[in-house]
Amino acid sequence: MSATLDHLFDRNVAWANRKTREDPHYFHRMAEQQTPHYLWIGCSDSRVTANSVLGLDPGEIFVHRNIANVVHTSDMNILSVLEFAVDQLKIEHVIVCGHYGCSGVSRAIAGERGAMLDHWLLPISMFYRKHRATFDAIADPTERINRMCEINVEMQVRRLAATPIVENAWARGQSLHLHGCIYAIDDGLMRDLGPHLSSVEMRERLPSIDQRVFQPVEAQSSMRQQAIAAFGAIDPAALEAPACCTRDHDLGG
Ligand code: CO
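Here the structure is a predicted model, which is why all the values come from computation and not from measurement.

A. Region of the structure containing the nonpolar core. Leu-39, Ile-95, Val-105 and Ile-182 are the most contacted members of the largest nonpolar core, which totals 50 residues. Looking at this core, the element that brings in the most residues is helix α9 (residues 141-161), giving nine residues. Apart from residues lying up to four places away in sequence, Ile-182 is in contact with Cys-97, Gly-98, His-99, Tyr-100, Cys-149, Glu-150, Val-153, Arg-191, Leu-193 and Ala-219.

Here's what the structure looks like:
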């Protein structure tokens, strides 16, 4: 690979030209103040980019990413992003989006101890150790990691909900909703996982996170939700005697 970034600068010019051709006011509009409605807290994984996954333009989503989408409540970076998003941008939806097959989560489970990263991942590895017997009972290692990826999302939504930034916003009556989601790289679909929290009361009503290990939440993509809704809308009465199968139409008599 070349020692310079010329190839990237060339791509940048091509992109800016294409954007301007498609919409001559695009960059003028972008230069005005940003008014995103969403804050995305996701993994640094290069395949999980908020804007592409959600099909959003620049300016529509405020983004914070780190390895394994961990909310450390002493991390100045995430707290500054959260505070700015909530207090200044008045963002209404904060989305913690994990992803299946996360190598950060996988490393936490493997119990690696050789890098700074292992300090970062400690909340995940500690949770895994606490429930090791249950996790290790899942025979398929991929499934085991994916279960932990799901629980990690919920853990981080709960941590967000415990920050004074979020509590203060709720206390002053600001509309602020926290959501847990998970993305699958192999089908491109984001799945709803929860929890969905809009108040301290909702947070307090949550069962212990330890219970999630025994009672997993089913992650549902929008396609699956639509299929379930469509199935539910079918009138069972109409299914009882479909014309094709009634006795009158039965040639056998
Ligand atoms: Co990841």
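B. Layout of the packing of helix α5 (residues 103-110) against α9. Interaxial distance between α5 and α9 falls to 9 Å at its minimum, and their mutual angle equals 110°. As summarised for this structure, α5 and α9 are arranged roughly perpendicular, according to the angle between their axes. Every residue of α9 that contacts α5 at Val-105, Ser-106 and Ile-109 is listed here: Ile-145, Met-148, Cys-149 and Asn-152. A breakdown of the residues in the contact of α5 with α9 according to their chemical character gives five nonpolar, two polar and no charged.

C. Up close: the packing of α5 against helix α7 (residues 122-130). In the contact formed by α5 and α7, the axes pass within 8 Å of each other and the chain directions differ by 50°. Comparing their axes, α7 and α5 come out oblique. In this structure, α5 meets α7 at a crossing whose hand is right-handed. Across from Val-105, Ala-108 and Ile-109 in α5, the residues of α7 making contact are Ile-124, Ser-125 and Tyr-128.

D. Up close: the pairing of strand β5 (residues 190-197). Strand direction decides the pairing type here: strand β4 (residues 177-183) and β5, joined by five bridges, are antiparallel. Bridging across to β5, Leu-178 finds its partner in Leu-197. The loop that links β4 with its antiparallel partner β5 comprises six residues; one of these, Gly-188, has a positive phi angle of about 75°. One ladder, built from two bridges, connects β5 with strand β6 (residues 220-221); its direction is antiparallel. Residue pairing in the sheet places Arg-191 in a bridge with Ser-221 of β6.

The rules behind these values
Residues numbered from 1 in each chain as written. Predicted model: local features only at pLDDT ≥ 70, side-chain atom pairs only at ≥ 80, totals over all residues. Core = buried A, V, L, I, M, F, W, Y, C linked by C-beta atoms within 7 Å. Buried ≥ 20, exposed ≤ 12 C-beta atoms within 10 Å, placed from the backbone. Helix = DSSP H or I, 4+ residues; strand = E, 2+ residues; numbered from the N terminus. Contact = placed C-beta atoms within 7 Å. Axes fitted to C-alpha atoms, helices over the stretch in contact; angles between N-to-C directions. Parallel < 35°, antiparallel > 145°, perpendicular 65-115°, else oblique. Nonpolar A, V, L, I, M, F, W, Y, C, P; charged D, E, K, R; others polar. Left-handed = near helix turned anticlockwise from the far one by under 90°. Pairing = 2+ DSSP bridges.

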